Amino acid sequence: QLSVFDLESKKDFIYQQSENEVIGKYGTYSAERVFLAIGPYSAKWKMKYPMSLKEVRGSYLKFPFEGGQSFSYTIDGMNFIFRKQTSELIFGNTQFEGAINVGDHADLSARYKNFIGKLEFDLPSLISAQYVSGFRSKASKRIPHWGKNEYGNYFATGFWKNGYTLSFLASDQLVKTWMSE
């Protein structure tokens, strides 16, 4: 049976893995069990997932923002996502499937201005925004996934908006389950 004293947490960018070992930017880690709590960018790894992923085009504005708890709202098709861990407010949407444009900075800025003064919190000035456009991986129904990968290591991950929150919830639940085994 595992105890909390048997667990060691590391934050790193993983480059390579094999059974019971991962190699990261800051070191090599070996353990009887390796558990990876990985987020939305893990789709770019050379790791096979037990679910199908698709690439979805999107654009957003990213602001430095201080707030309480993390949140995610969708209002009139636009998403407001606050990430407490990184103190960032994200505003944006995804393009319709089959769309050929990558997103329009002026249109996104105009849509943002329409929300100023209409929400329960003050929106940051557009001057502080960073414009981001590109592709993200999306899993079916945006649900998290966990299990054992082809290297024999355990993983929990989520993609899309839920990738920032649900993968950590899933990893916490799995560790608690293993500690009680």
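As shown above, the structure is provided for reference.
Bear in mind the structure is a predicted one, so any value in this text is a computation, not a measurement.

J.: Could you clarify how one ought to interpret the sheet that holds strand S2 (residues 21-24) in this entry?
T.: Note: strands within a sheet are paired through backbone hydrogen bonds, in either parallel or antiparallel orientation. In space, the three strands of this open sheet follow the order S1-S2-S3, with antiparallel pairing throughout. If you trace the sheet from one side to the other, it starts and ends with strand S1 (14-18) and strand S3 (27-30), each paired once. For this sheet, the mean inter-axis angle between neighbouring strands, taken without regard to orientation, is 15 degrees.

J.: What is the right way to look at the pairing of S3 in this model?
T.: Within a regular strand, side chains alternate between the sheet's two faces. Note: S2 against S3, four bridges, orientation antiparallel. Bridge pairing in S3 places Ile-23 opposite Thr-28. In textbook terms, the turn of a hairpin is the stretch between consecutive antiparallel strands, and for S2 and S3 this stretch comprises two residues.

J.: I'm lost on the sheet that holds strand S10 (residues 145-148) in this one. Help?
T.: The three strands are arranged S4-S11-S10 in an open sheet whose pairing can be described as mixed. Of all the strands in the sheet, the pair left with one neighbour each is strand S4 (35-38) and S10. Averaged over all neighbouring strand pairs, the angle between strand axes comes to 10 degrees, with direction disregarded. Relative to strand S11 (residues 154-157), S10 runs antiparallel, the two being bridged by four bridges.

J.: So what exactly am I meant to see when it comes to the packing of aromatic side chains here?
T.: Given two aromatic rings, their pairing is described by the distance between the two centres and the angle made by the two planes. In the structure shown here, the tally under the stated rule is 11 aromatic pairs. Taken together, a centroid distance of 5.1 Å and an interplanar angle of 85 degrees make the contact between Phe-80 and Phe-115 edge-to-face. Taken together, the positions of Phe-80 in strand S7 (residues 78-83) and Phe-115 in the loop between helix H1 (105-113) and strand S9 (130-139) put the pair 35 residues apart, joining distant regions of the chain. Judged on exposure class, the residue Phe-80 and its partner Phe-115 are both buried.

J.: Where do I start with the pattern of salt bridges in this structure?
T.: Any two side chains of opposite charge can pair, given that their charged atoms come close. Tallied over the entire structure, the rule returns three salt bridges. With a closest N to O distance of 3.6 Å, Glu-88 and Lys-62 form a salt bridge. Pair noted here: Glu-88 is in strand S8 (residues 88-94) and Lys-62 is in strand S5 (residues 53-64), with a separation of 26 residues, a long-range link. Assessed through its relative accessible area of 17%, Glu-88 is described here as buried. The shortest N-O distance in the salt bridge between Arg-111 and Asp-107 comes to 3.1 Å. One end of the pair, Arg-111, and the other, Asp-107, are both in helix H1, four residues apart, so they sit about a helical turn from each other. Judged by relative accessible area, Asp-107 falls into the partly exposed class, the value being 37%. Sharing partners across several salt bridges, the network here consists of Lys-62, Arg-83 and Glu-88.

Cut-offs and rules
Residues numbered from 1 in each chain as written. Predicted model: local features only at pLDDT ≥ 70, side-chain atom pairs only at ≥ 80, totals over all residues. Heavy atoms only, no water. Pairing = 2+ DSSP bridges. Helix = DSSP H or I, 4+ residues; strand = E, 2+ residues; numbered from the N terminus. Axes fitted to C-alpha atoms, helices over the stretch in contact; angles between N-to-C directions. Phe/Tyr/Trp six-rings, centres within 6.5 Å; stacked < 30°, edge-to-face > 60°. Buried < 20%, exposed > 50% of the residue type's maximum accessible area, 1.4 Å probe, protein only. Salt bridge = Lys/Arg side-chain N within 4 Å of Asp/Glu carboxyl O.

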